[in-house]
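For reference, the chains in residue letters:
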Amino acid sequence: MTSVHLSPGNVTLELLRDLWARPVAFALDSDARARVDAAARTIAGIVAEGRVVYGVNTGFGLLARTRIDAARVSELQRALVLSHSAGTGTPLDDVVVRLTLLLKIASLARGYSGVRYEVVEALLKLLNAGVLPVIPSQGSVGASGDLAPLAHLAGVLIGEGEARVDGVILPAVQALSRAGIAPLSLGAKEGLALLNGTQVSTALALHALFAAERAGTAALVAGALSVDACLGSDTPFDERIQELRGSRGQGDTARVLRELLDGSAIRASHRDCPRVQDPYSLRCQPQVMGACLDQMRHAGAVLLTEANAVSDNPLVFSDTRDVLSGGNFHAEPVAFAADGLALAVAEIGALSERRIALLMDASLSGLPPFLVRDGGVNSGFMIAQVTAAALASENKALSVPRSVDSLPTSANQEDHVSMATNAALRLAPMATNTAAIVAIELLAAAQGVELRAPLSTSPRLQGAIQLVRREAAFWDRDRAFAPDLERVKALVERGEFMPLVGALL
């Protein structure tokens, strides 16, 4: 496997998307070692001097006033990792763990955390060898960072807990042996640096962002197909209309829809029809999907900032030998970004569901009821639309903001928390729901367009129909719908429709 260069502080969305899509090996920037070593020397000097610094030779949280003897500093860090390994729930997906490892490496390698370089190296070896700590998904309130989940990650480094290797869960010591790593004995501040940080919530949100990007591009393709299937107009996508609004996302969405519909014989066949306006689910796609795109882009920018951040505490400034306690572990920016992304994911699905309902309604679409001939004997897409409605409704409930919630922890020392991990954790199921809704629309809209034969849609949209038909045949009579749905949903989730649109983020 070819190594990809990792420059801490300069991580890109493209690099993160690449790691999300497949395992990638990384080689760390050669300049990182000097910065990491300088901060580690500062911490070693503080311990030698007996200077009292939070997290270095004190207890944690409300126990910060408790001084720890230098001889027990390593014991302190190990105990911290073990006591904080208190998560529960279904383990995080491998893709989220890979992203978490990369984000933690990138943060520590900035050289402000005070860990030894061998800690960074050990994490890099885990990632490159595909040794993925088993991290329970529940147990973080997003301040002070993702303590419990990151403790389970750190536990593997010291030979505790479990890791997944090639899909098999192994005890940590065995998994480390596979990667050629000996269990670490943690030095001063190292346990705290590993546990503090927003890497889990950020990784969860990035996972959903990339899934939402794929669902969003497929929804644009489905929406364009629905325009043709319903004999809709492309006039609302005129560039002049978008320019007067001034929204970047709206303008980009309208451009994509124009390009998708360009050359459609179906559109050309009814340019002089008496219909004045289409329903909003067709006509207002640039406004709704554009707003969703703006939210996704904003979330991407926030999460990219967080991916390059140093978010543990305290922070070590080796040039002045200052160790400063702050609050970069508070994941409020991630929580806000995740809540905004939830709204976008829900609305992409909600608009798609409305177009599915439109396609079912013969009085509005001009197509056979429920998109099937010989109706009555055949129910066609009737219950597929019910499934889409159920999923859209579920997403509405899941989209309720999490960032406005807070419960104090650590005996009120940590009296306001972000709930960023909960905010991010619900995003992947939402993206899955939206992918299923969009898959139903792709099936329905392809059916509607083909019912317009001998008229044909645009060359690009014909390509989209070919993708759908590769997995699901034309609906000439009733059959089990679920297999078709799952296969086309897989197309959406794999990003098969993205080449028709291009990257949105």
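Quick note: structure is the one above.
In this report, we go over the structure that sits alongside the text. None of the values given here were measured: they were computed from a predicted structure.

What follows covers the overall build of the protein chain. Within the protein chain, the regular secondary structure consists of 21 helices and nine strands. For 505 residues, the compact-globule formula gives about 23 Å, and the C-alpha radius of gyration of the protein chain, at 26 Å, lands near that figure. Dimensions of the protein chain along its principal axes, counting C-alpha atoms only, are 85 × 50 × 45 Å. Put simply, 78% of the contacts in the protein chain that link residues at least 6 apart link residues at least 24 apart. Of the accessible surface of the protein chain, which amounts to about 19,900 Å², a share of 54% is contributed by carbon and sulfur atoms. Computed over 45 positive and 52 negative side-chain charges, the separation of the two mean positions in the protein chain equals 1 Å.

Below, the discussion takes up the nonpolar core. Grouped together as the largest cluster of nonpolar side chains are 157 residues, with contacts concentrated most on Leu 16, Val 221, Leu 442 and Phe 497. Element by element, the count of residues in this core is highest for helix H9 (residues 199-229), at 19 residues. Not counting residues up to four positions away in its chain, the partners in contact with Leu 16 are Val 11, Leu 99, Leu 102, Leu 103, Leu 206, Phe 210, Leu 304 and Ala 307. Of all hydrophobic cores here, the second largest spans nine residues; its members include Ala 39, Val 53, Val 56 and Val 316.

The geometry of helix H1 (residues 13-21) relative to helix H4 (residues 94-108) is characterised by a closest axis approach of 9 Å and an angle of 140° between their N-to-C directions. Crossing of H1 over H4 shows right-handed handedness. Facing Leu 15, Leu 16, Leu 19, Trp 20 and Ala 21 of H1, the residues of H4 in contact are Val 95, Arg 98, Leu 99, Leu 102 and Leu 103. Here the contact of H1 with H4 is built from residues that sort into nine nonpolar, no polar and one charged.

With 18 residues, helix H2 (residues 32-49) ought to run about 26 Å at 1.5 Å a step, and its terminal C-alpha atoms sit 26 Å apart, in line with that. For H2, the full list of buried residues reads Ala 32, Val 36, Ala 38, Ala 39, Ala 40, Thr 42, Ile 43, Gly 45 and Ile 46.

Before going further, it helps to spend a moment on the sheet that holds strand E4 (residues 131-133). Taken together, the three strands give an open sheet; going across it, the order is E4-E6-E7, and neighbouring strands pair in antiparallel fashion. Looking at the sheet topology across the chains shown, the edges are occupied by E4 and strand E7 (168-171). With direction set aside, neighbouring strand axes in the sheet form an average angle of 40°. Strand direction decides the pairing type here: E4 and strand E6 (residues 162-165), joined by three bridges, are antiparallel. Directly across from Leu 132, in E6, lies its bridge partner Arg 164. Running over the sheet, H4 touches E4 and E6 and is turned about 95° from E4.

The next subject is the layout of surface pockets. What the second largest pocket holds in volume is close to 230 Å³. Taken together, 14 residues make up the lining of the second largest pocket; nearest its centre are Ser 233, Thr 235, Arg 275, Val 276 and Gln 277. Partitioning the lining of the second largest pocket into residue classes produces four nonpolar, five polar and five charged.

Right, let's talk about the packing of aromatic side chains for a bit. Within this structure, the stated rule accounts for five aromatic pairs. Relative to Phe 481, the ring of Trp 475 lies with its centre 5.3 Å away and its plane at 45°, an arrangement referred to as tilted. For the pair Trp 475 and Phe 481, a shared accessibility class is recorded, and that class is buried. Here the aromatic residues Phe 381, Trp 475 and Phe 481 are joined through ring pairs into a cluster of three or more.

Attention now moves to the pattern of salt bridges. In this structure the tally under the stated criterion is 26 salt bridges. Residue Asp 18 pairs with Arg 22 through a salt bridge whose shortest N-O separation is 3.0 Å. The closest approach of N and O atoms between Arg 255 and Glu 259, which form a salt bridge, is 3.5 Å. In this pair, Arg 255 and Glu 259 are both assigned in helix H11 (residues 248-261), four residues apart and thus about one turn of the helix distant. Taking relative accessible area as the criterion, Glu 259 reaches 31% and is therefore assigned partly exposed. Within the structure, one salt-bridge network assembled from shared partners comprises Arg 470, Glu 471, Arg 494 and Glu 496.

Turning our eyes to something else, we now look at empty space enclosed by the protein. Which parts of space are left empty comes out when a probe the size of a water molecule is rolled across the atoms. Per the counting criterion, the structure on display carries three cavities of 30 Å³ or more. By volume, the largest cavity is sized at about 50 Å³. Elements represented by at least two residues in the lining of the largest cavity include exactly H9 and helix H14 (285-307). If one sorts the elements of the lining of the largest cavity by residue count, H14 sits on top with four residues. By residue class, the composition of the lining of the largest cavity is seven nonpolar, two polar and no charged.

What follows covers the environment of Arg 65. Relative to the helices and strands, Arg 65 is located in the loop between H2 and helix H3 (73-84). Sequence separation of Arg 65 and Asn 412 is 347 residues, and the distance between their C-alpha atoms is 15 Å.

Along the polypeptide, Asn 57 turns up in the loop between H2 and H3. Within the structure, Asn 57 has its side chain in polar contact with the backbone nitrogen of Val 53 (distance 2.9 Å).

On to the pairing of E6, then. For a regular strand, side chains alternate in direction, first toward one face of the sheet and then toward the other. In the sheet, E6 pairs with E7 via four bridges, with the strands oriented antiparallel. Looking across to E7, one finds that Val 165 is bridged to Val 168. Remark: two residues form the turn of the hairpin made by E6 and E7, two consecutive strands paired antiparallel; Asp 166 in that turn has positive phi of roughly 50°.

Further remarks concern a nonpolar patch on the surface. Taken together, the side chains of Met 382, Ile 383 and Val 386 define a hydrophobic patch exposed on the protein surface, amounting to about 250 Å² of accessible area. Position of Met 382 among the secondary structure elements: in helix H17 (residues 382-398). The exposure class assigned to Met 382 is partly exposed, which follows from its relative accessible area of 31%.

Cut-offs used in this document
- Residues numbered from 1 in each chain as written.
- Predicted model: local features only at pLDDT ≥ 70, side-chain atom pairs only at ≥ 80, totals over all residues.
- Heavy atoms only, no water.
- Helix = DSSP H or I, 4+ residues; strand = E, 2+ residues; numbered from the N terminus.
- Rg over C-alpha atoms; globule rule 2.2 N^0.38 Å.
- Contact = heavy atoms within 4.5 Å.
- Areas by Shrake-Rupley, 256 points an atom, 1.4 Å probe, with all protein chains shown as cover.
- Lys, Arg positive; Asp, Glu negative; His and termini not counted.
- Charge placed at Lys NZ, Arg CZ, Asp CG, Glu CD.
- Core = buried A, V, L, I, M, F, W, Y, C linked by side-chain atoms within 4.5 Å.
- Buried < 20%, exposed > 50% of the residue type's maximum accessible area, 1.4 Å probe, protein only.
- Axes fitted to C-alpha atoms, helices over the stretch in contact; angles between N-to-C directions.
- Left-handed = near helix turned anticlockwise from the far one by under 90°.
- Nonpolar A, V, L, I, M, F, W, Y, C, P; charged D, E, K, R; others polar.
- Expected span 1.5 Å × (residues − 1).
- Pairing = 2+ DSSP bridges.
- 1 Å grid on protein atoms, 1.4 Å probe; cavity = no way out; pocket = protein on both sides within 12 Å on 5 of 7 lines; lining within 4 Å.
- Points joined across faces, edges and corners; volume = space filled by probe spheres on them.
- Phe/Tyr/Trp six-rings, centres within 6.5 Å; stacked < 30°, edge-to-face > 60°.
- Salt bridge = Lys/Arg side-chain N within 4 Å of Asp/Glu carboxyl O.
- Polar contact = N/O pair within 3.5 Å; in protein donor to acceptor, adjacent residues only side chain to side chain.
- Patch = residues over 30% accessible without salt bridge, like charges linked within 9 Å, V, L, I, M, F, W, Y side chains within 5 Å.

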